[in-house]
Amino acid sequence: MKTVFQKPEALTDMPMHYCPGCTHGIIHRLVGEAIDSLAIREQTIGVASVGCSVFAYDYFNCDMQQAAHGRAPAVATGIKRVLPESMVFTYQGDGDLASIGMAEIVHAAARGENITVVFVNNAIYGMTSGQMAPTSLLGQKTATSPRGRTVEEMGYPIKMCELLATLEGPAYLARVSTHDSRHVLQAGKAIKKAFEIQQQKKGFAMVEVLSTCSVNWGMTPVKALGWLEENMIPYYPLGVYRDVTAKEGN
Amino acid sequence: MPRGQVIVNQELCKECSLCVVACPHGVLAIGKAINKKGYHPVEAVAPEKCTGCTMCAVMCPDVVLTIKRKSPERK
């Protein structure tokens, strides 16, 4: 018998601290598989954000840096400009990227900075125990919107892919999901593509991965996948929002 | 002889059941044993049905599962 699936080399043996069924683990593995398949582990530098994924530096088996809250794209910009031959990625949640880090991500995208951003959107602040995030859905109950998010009080959730797609800078923008194995495989392809874009020096690439937070959503991991499919995908449609390589026909 | 084999790293499993639901052949189920973290790790209860499709491992958030598959015989 041949081994057809095992832990990628780009992940360490450290057991992950994430809650049972947290899709962060799946997304970590997809990033690891992308790094392995492109054979870029030795030249990759990751930037961990603040949030549940702050310990990403323990889990990725490559050089890692930890950025202040929301500043991962700025730190990645510095690393990439000083070490242009390195492959630089950031791994950020929605609280980090779409809230406190909004300025950094928008300007990194507008500059067309040649980095890869993995954006994990689970529509809630996970680490701080379930407060409303900029991406929380209308009507969604969280610790700070106990009667559900309302437009009058809290405004509309932010669609990051659509927002960044209005800029000229980004080379690749895609939204993928992790609610079943087929979509996880598609997410893996998108993440690999985002690294290839950087390898080809095309510019800024971001993959938004819809994710679950079963503990703070208050449901089992399996039910959380169903909730993601039924509620998040209608508001955050999956697809490719920008792909400069498609225009060139390769 | 089954076509595939699923190997469980019991100490990493957190009993989330995502693999149990993902398996199209009902190979996996939550077991009775308890690991160091206090979870009941998943077990291959019907290993003879495994085809080595890797769908369980694709959904596992903690890279608990390793999959082996018999390479197809060439005629």
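Focus: the interface of chain B and chain A
So, point 1. With 29 residues of chain B at the interface, the matching set in chain A holds 28 residues.
So, point 2. For the pair chain B and chain A, the summed buried area comes to about 2,200 Å², and 72% of that belongs to carbon and sulfur atoms.
So, point 3. If you sort the residues of chain B by the area they bury against chain A, B:Val58, B:Met59 and B:Val63 come out on top, with a joint share of 25%.
So, point 4. Linking chain B with chain A are zero salt bridges, by the criterion used here.

A word on helix H5 (residues 102-110) of chain A
All names here are of chain A.
So, point 1. Those residues of H5 that fall on the buried side of the exposure criterion are Met102, Glu104, Ile105, Val106, Ala108 and Ala109.
So, point 2. Contacts made by the buried residues of H5 are with helix H3 (72-82), strand E4 (87-93), helix H4 (94-100), strand E5 (116-121), helix H7 (160-164) and strand E7 (205-210).
So, point 3. One or two residues past the end of H5 sits Gly112, with phi positive at roughly 65 degrees.

Description of the pattern of salt bridges
All names here are of chain A.
So, point 1. According to the stated counting rule, one finds ten salt bridges over all chains in the structure shown.
So, point 2. A salt bridge links Arg29 to Glu33; its shortest N-O distance comes to 3.2 Å. Highlighted residues: Arg29 and Glu33, both in helix H1 (residues 24-37), separated by four residues, approximately one helical turn.
So, point 3. Residue Arg175 is joined to Glu208 by a salt bridge in which the shortest nitrogen-to-oxygen separation is 3.1 Å. Separated by 33 residues along the polypeptide, Arg175 in strand E6 (residues 172-177) and Glu208 in strand E7 bring together distant segments of the chain. Neither Arg175 nor Glu208 differs from the other in exposure class; each is buried.
So, point 4. One salt-bridge network, held together by shared partners, links Glu9, Arg41 and Glu42.

A short note on the confidence of the model for chain B
So, point 1. Averaged over chain B, the pLDDT score is 93; the fraction of residues at 70 or greater is 96%.
So, point 2. Listed scores for the predicted complex are pTM 0.96 and ipTM 0.94.

Cut-offs used in this document
Residues numbered from 1 in each chain as written. Chains lettered and ligands numbered in written order. Predicted model: local features only at pLDDT ≥ 70, side-chain atom pairs only at ≥ 80, totals over all residues. Heavy atoms only, no water. Contact = heavy atoms within 4.5 Å. Buried area = accessible area lost by both parts, 1.4 Å probe. Salt bridge = Lys/Arg side-chain N within 4 Å of Asp/Glu carboxyl O. Buried < 20%, exposed > 50% of the residue type's maximum accessible area, 1.4 Å probe, protein only. Helix = DSSP H or I, 4+ residues; strand = E, 2+ residues; numbered from the N terminus. pLDDT = per-residue confidence, 0-100.

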